Amino acid sequence: MIRFLDLAAEYHELKTEIDAAVARVLESGQFVGGPEVTALEKEFASYCGAQHGVAVNSGTSALHLALLAAGIQPGDEVITVPFTFYATVAAIGYAGAIPVYVDIDPGTFNIDVSKIEAAITPRTRAILPVHLYGQCADMDPILEIARRHQLIVIEDAAQAHGAEYRGRRAGGIGDIGCFSFYPTKNLGAAGEGGMLTANNSEYARAAALLRSWGEEQRYRPSLKGYNYRLPAIQAAILRVKLRRLEQWIEARRALAAEYDGLLEDSSVTRPQAMPNSRHVYCLYTIRATDRDGLQRGLENAGIQTAVHYPLPIHWMPAYADARYQAGDFPVAEACANTVLSLPLHPRMTIAQVKEVASSIYRGADALVRVGPPGPTYSNR
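This one's a predicted model, so the numbers in the text were calculated from it and none came from an experiment.

Colleague: Let's hear about the layout of surface pockets: which residues, and what values?
Modeller: A volume near 510 Å³ is recorded for the largest pocket. Along the walls of the largest pocket sit 27 residues, with Phe85, Gln159, Ser180, Lys185 and Tyr309 positioned nearest its centre. When residues of the lining of the largest pocket are traced back to their parent elements, those giving at least two are helix H4 (59-69), helix H5 (87-94) and strand E8 (176-180). In this model, the second largest pocket occupies a volume close to 210 Å³. Lining the second largest pocket are Gly33, Gly34, Val37, Thr38, Glu41, Ala208, Arg211, Ser212, Glu215, Arg229 and Leu230. Looking at which element gives the most residues to the lining of the second largest pocket, the answer is helix H3 (residues 35-48), with 3 residues. A class-by-class count of the residues in the lining of the second largest pocket yields 3 nonpolar, 4 polar and 4 charged.

See the structure below:
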């Protein structure tokens, strides 16, 4: 069996340090907030090139608080993509705002910047690009559009810890960055967790108040807040893993490069990395016309895969929206029918990558190439 992920192996690699960190928290008796959380906020914000970090209990909470801290009000419109994990859109709804979708670029799976301006209305207040699969969206044109229209830019960087765009790290490019520490992420907790990053001290202060009942003083809330606090044990574990994150990212990039070379002549379309960017490959996602057939064949060969994501948001019953119909976002819809994420994690071996690639070639007669997609990202 070639596992899609191996979280138990990750723990065993760091067992001594993680056990010591957990014991340190247990012995301190400080289980909510405290020095471990504060230290993680400083360390992770510094890693992202941001001045402030606000730890929360999930990536979804980070998105929700980012919108509120930025002043998004009920009825405001937030531009985002229909091809993402639905937490992106759920958080917009939690704030009472309205998601406005823009199709994605077929090469990078991220927002198509050429379509953003046409989606702006007098009610638009923010752009929420998703750095999908570990690669930053094309941020310079997004920021330029936002400046001209006086919009907030909130990065959904849930899958992009350590990703870079023209020398700047995800979470330190827009007005606010939002990260998930779900266990499957490149930097994952032993449970749920999340973080906001920002250079604006007012955004950070508002988010910090909102995550803990809006309290400036105990039992005297100044805002109607939430219980979105990160447990100290998770912070301690994340601090251990953060010290290994760069090493793990380089291992992922090396494995992705191996996949790229091995699959060059295959009947699948490989992920594309933008120039002047650093893709961190939270997921290595290919496209194949007979995606379901390929997935079954790989599973029969003992290779675990996953589909991220099988439905665009506007096709989901829970997020049905009369404004949008099938066919409105052809690239997102095509990707939902063809994407397949292959096994990739830092403890994977080159031999395993070769076995996955060989299995794909063995099933090549059942596949038809998707593409070539061709990058449509801005060269500015």
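Colleague: Please provide a residue-by-residue account of a nonpolar patch on the surface, values included.
Modeller: A cluster of nonpolar side chains, contributed by Leu26, Phe31 and Val32, occupies part of the molecular surface with about 280 Å² of accessible area. Considering the arrangement of structural elements, one finds Leu26 in helix H2 (residues 15-28).

Colleague: Requested: an account of the nonpolar core, with residues and values cited.
Modeller: Phe44, Ile79, Phe83, Ile111, Ile116, Met139 and Ile142 are the most contacted members of the largest nonpolar core, which has 74 residues in total. Within the residue set of this core, elements represented by two or more residues are H2, H3, strand E3 (98-101), helix H6 (139-149), helix H8 (232-242), helix H9 (245-262) and helix H11 (330-338). Examining the composition of this core, we find that 7 residues originate from one element, H8, more than from any other. Excluding anything up to four places from it in sequence, Met139 contacts Pro129, His131, Val153, Glu155, Tyr165, Ile173 and Gly174. Membership of the second largest hydrophobic core comes to 29 residues, among which are Ala62, Ala95, Cys178 and Ala207.

Colleague: Residue-level account of unusual backbone geometry, with values.
Modeller: With an omega dihedral of 20 degrees, the bond running from His308 to Tyr309 counts as a cis peptide bond. Within the secondary structure, Tyr309 is located in the loop between helix H10 (291-300) and H11. The phi dihedral of Gln150 falls on the positive side, at around 55 degrees, and the residue is not glycine. Residue position: Gln150 is located in the loop between H6 and strand E5 (152-156). Gln150 gets classed as exposed once you look at its relative accessible area, which sits at 75%. Of note, the phi angle at Tyr281 is positive, near 50 degrees, even though the residue is not glycine. With respect to the helices and strands, the residue Tyr281 is situated in the loop between strand E12 (277-278) and strand E13 (284-287).

Colleague: I'd like to hear about the sheet that holds E12, residue by residue, with values.
Modeller: Strand order in this open sheet of 3 strands is E7-E6-E12, and the pairing throughout is antiparallel. Of all the strands in the sheet, just strand E7 (168-169) and E12 have a single pairing partner and so form its edges.

Colleague: Run through the pattern of salt bridges, naming residues and quoting values.
Modeller: Close approach of charged atoms lets side chains of opposite charge pair. Applying the stated rule across the entire model yields 26 salt bridges. Across the salt bridge formed by Arg243 and Glu17, the nearest N and O atoms sit 3.5 Å from each other. One end of the pair, Arg243, is in the loop between H8 and H9; the other, Glu17, is in helix H2, and 226 residues separate them in sequence. Under the relative-accessibility criterion, Glu17 is labelled partly exposed at 29%. The shortest N-O distance in the salt bridge between Asp140 and Arg168 comes to 2.5 Å. Remark: Arg168 occurs in strand E7 and Asp140 occurs in helix H6; sequence separation between them is 28 residues. Assessed through its relative accessible area of 29%, Arg168 is described here as partly exposed.

Rules and cut-offs
Residues numbered from 1 in each chain as written. Predicted model: local features only at pLDDT ≥ 70, side-chain atom pairs only at ≥ 80, totals over all residues. Heavy atoms only, no water. 1 Å grid on protein atoms, 1.4 Å probe; cavity = no way out; pocket = protein on both sides within 12 Å on 5 of 7 lines; lining within 4 Å. Points joined across faces, edges and corners; volume = space filled by probe spheres on them. Helix = DSSP H or I, 4+ residues; strand = E, 2+ residues; numbered from the N terminus. Nonpolar A, V, L, I, M, F, W, Y, C, P; charged D, E, K, R; others polar. Patch = residues over 30% accessible without salt bridge, like charges linked within 9 Å, V, L, I, M, F, W, Y side chains within 5 Å. Areas by Shrake-Rupley, 256 points an atom, 1.4 Å probe, with all protein chains shown as cover. Salt bridge = Lys/Arg side-chain N within 4 Å of Asp/Glu carboxyl O. Core = buried A, V, L, I, M, F, W, Y, C linked by side-chain atoms within 4.5 Å. Buried < 20%, exposed > 50% of the residue type's maximum accessible area, 1.4 Å probe, protein only. Contact = heavy atoms within 4.5 Å. Pairing = 2+ DSSP bridges.

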